[in-house]
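One-letter residues, chain by chain:
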Amino acid sequence: MDTKKLSLTHLIRTPKIATENAPVIILLHGYGSNEEDLFSFAAELPEHLFVVSARAPRDLQPYGYSWYDIHYTATEKISDDEQAIESRDIVANFIDEVVENYPVNAENVTLLGFSQGTILSYAVAFTHPEKIKNVIALSGYLNHGIFDVSDDKKYDHLNFYCSHGSQDQVIPVAAAREIAPFMKEHNLNHVYEEYPVGHGVAPQNFYSFKTWLEELI
């Protein structure tokens, strides 16, 4: 199958056995990376999944892409929440495009994000829960400035797999440790795991979320 021209540049891997209603996973990379990064997972993901790996819309110099800018001061990193909200809505629209243009199941959409892609995945899931079934959130955190949990929306169908490196020096694990209490407060289905690594995905981390996903799709 040819890759369609949609609003975000992307790569696809079709299911091993063609189907008209495949579960779909959309991969959202981190700051400064591109669509090829997480696509390296594709060969190891369940064979019946339709895999889409998206490129973030903002160019970085000298290379790579981002979902939103990060501004550095002497003491902190500040995310551009206005750009993040814009990208949140771009991803939500991209999900609709994927469902409309590829033979996938609109009721079985998984987001997998890493770092900045995870932050966006949370925001999309809480802003547009009707579009999502599962979220795999790797090495990220909840940015409450770019989403709200609304009493008017249903979240009880959502499933979250959240993980973080205990030695992460890019996004300290303390930020990630706020995720599980938030999930429990809102009665959300979730798993939270830590691994003794930095800002990355350990092999055992990959196989853990793969097993989790296989049981849900």
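Predicted model, so just to flag it, every value in this text is computed and none were measured.

(A) View of the side chain of glutamine 83. By the secondary structure assignment, glutamine 83 is in helix α2 (residues 81–101). Among the polar contacts made by the side chain of glutamine 83, one reaches the main-chain amide nitrogen of aspartate 69 at a distance of 2.7 Å. The residues touching glutamine 83, leaving out its near neighbours within four places in the chain, are Arg58, Trp67, Tyr68 and Asp69.

(B) Summary view of the side chain of threonine 118. With respect to the helices and strands, the residue threonine 118 is situated in helix α3 (residues 116–127). When its relative accessible area of 0% is taken as the criterion, threonine 118 is described as buried. Only 2.6 Å separates the side chain of threonine 118 from the backbone oxygen of glycine 113, close enough to count as a polar contact. Once residues within four sequence positions are removed from consideration, threonine 118 is found in contact with Gly113, Ala137, Leu138, Gly140 and Tyr141.

(C) Layout of the pairing of strand β9 (residues 134–138). Among the five residues in β9, five count as buried, and that is most of the element. Along β9, one buried face is formed by Asn134, Ile136 and Leu138 and the opposite face, lined by Val135 and Ala137, is buried too. As defined by bridge partners, strand β8 (residues 104–114) adjoins β9 across five bridges and the pair is classed as parallel. The residue bridging leucine 112 from the neighbouring strand is isoleucine 136, located in β9.

(D) Focus on the packing of aromatic side chains. This structure, assessed with the given rule, holds 13 aromatic pairs. Ring geometry for phenylalanine 41 and phenylalanine 206: centres 5.1 Å apart, planes at 45°, overall tilted. Of this pair, phenylalanine 41 sits in the loop between α1 (35–39) and β3 (50–54) while phenylalanine 206 sits in helix α6 (residues 203–216), placing them 165 residues apart in sequence. Taken together, Phe41, Tyr161, Phe206, Tyr207, Phe209 and Trp212 form an aromatic cluster joined through their ring pairs.

(E) Region of interest: the packing of α2 against α3. Direction vectors running N to C along α2 and α3 enclose 65°, while the axes themselves pass 9 Å from each other. In this view, α2 runs roughly perpendicular relative to α3, as classed from their interaxial angle. The element α2 and its partner α3 pack so that their crossing is right-handed. In this structure, α2 contributes Ala84, Ser87, Arg88, Val91 and Ile95 to the contact, and α3 contributes Leu120, Ala123, Val124 and Thr127. Along the lines of polarity and charge, the residues of the contact of α2 with α3 split into six nonpolar, two polar and one charged.

(F) A look at the environment of alanine 175. Considering the arrangement of structural elements, one finds alanine 175 in helix α4 (residues 173–176). Given a relative accessible area of 24%, alanine 175 falls into the partly exposed group. Between the C-alpha atom of alanine 175 and that of tyrosine 141, which follows or precedes it by 34 residues, the distance is 6.0 Å.

(G) Here's a closer look at the pattern of salt bridges. For the structure shown, the criterion picks out six salt bridges. Here glutamate 35 and arginine 55 are joined by a salt bridge, their closest N and O atoms 2.9 Å apart. Within this pair, whereas glutamate 35 is found in helix α1, its partner arginine 55 is found in the loop between β3 and β4 (58–59), the two being separated by 20 residues in sequence. Residue class for arginine 55 comes out partly exposed when judged on its relative accessible area of 23%. In this structure, aspartate 89 and arginine 88 form a salt bridge, with 3.0 Å as the shortest nitrogen-oxygen distance. Judged by its relative accessible area of 12%, arginine 88 falls in the buried class.

(H) Seen up close, unusual backbone geometry. Residue glutamine 61 is joined to proline 62 through a cis peptide bond whose omega torsion reads 5°. Mapped onto the elements, proline 62 comes out in the loop between β4 and β5 (65–66). Phi at serine 115 takes a positive value of approximately 60°, unusual for a residue other than glycine. Inspection of the secondary structure assignment puts serine 115 in the loop between β8 and α3. On the basis of relative accessible area, serine 115 is assigned to the buried category, the value being 8%.

The rules behind each value
Residues numbered from 1 in each chain as written. Predicted model: local features only at pLDDT ≥ 70, side-chain atom pairs only at ≥ 80, totals over all residues. Heavy atoms only, no water. Helix = DSSP H or I, 4+ residues; strand = E, 2+ residues; numbered from the N terminus. Polar contact = N/O pair within 3.5 Å; in protein donor to acceptor, adjacent residues only side chain to side chain. Contact = heavy atoms within 4.5 Å. Buried < 20%, exposed > 50% of the residue type's maximum accessible area, 1.4 Å probe, protein only. Pairing = 2+ DSSP bridges. Phe/Tyr/Trp six-rings, centres within 6.5 Å; stacked < 30°, edge-to-face > 60°. Axes fitted to C-alpha atoms, helices over the stretch in contact; angles between N-to-C directions. Parallel < 35°, antiparallel > 145°, perpendicular 65-115°, else oblique. Left-handed = near helix turned anticlockwise from the far one by under 90°. Nonpolar A, V, L, I, M, F, W, Y, C, P; charged D, E, K, R; others polar. Salt bridge = Lys/Arg side-chain N within 4 Å of Asp/Glu carboxyl O.

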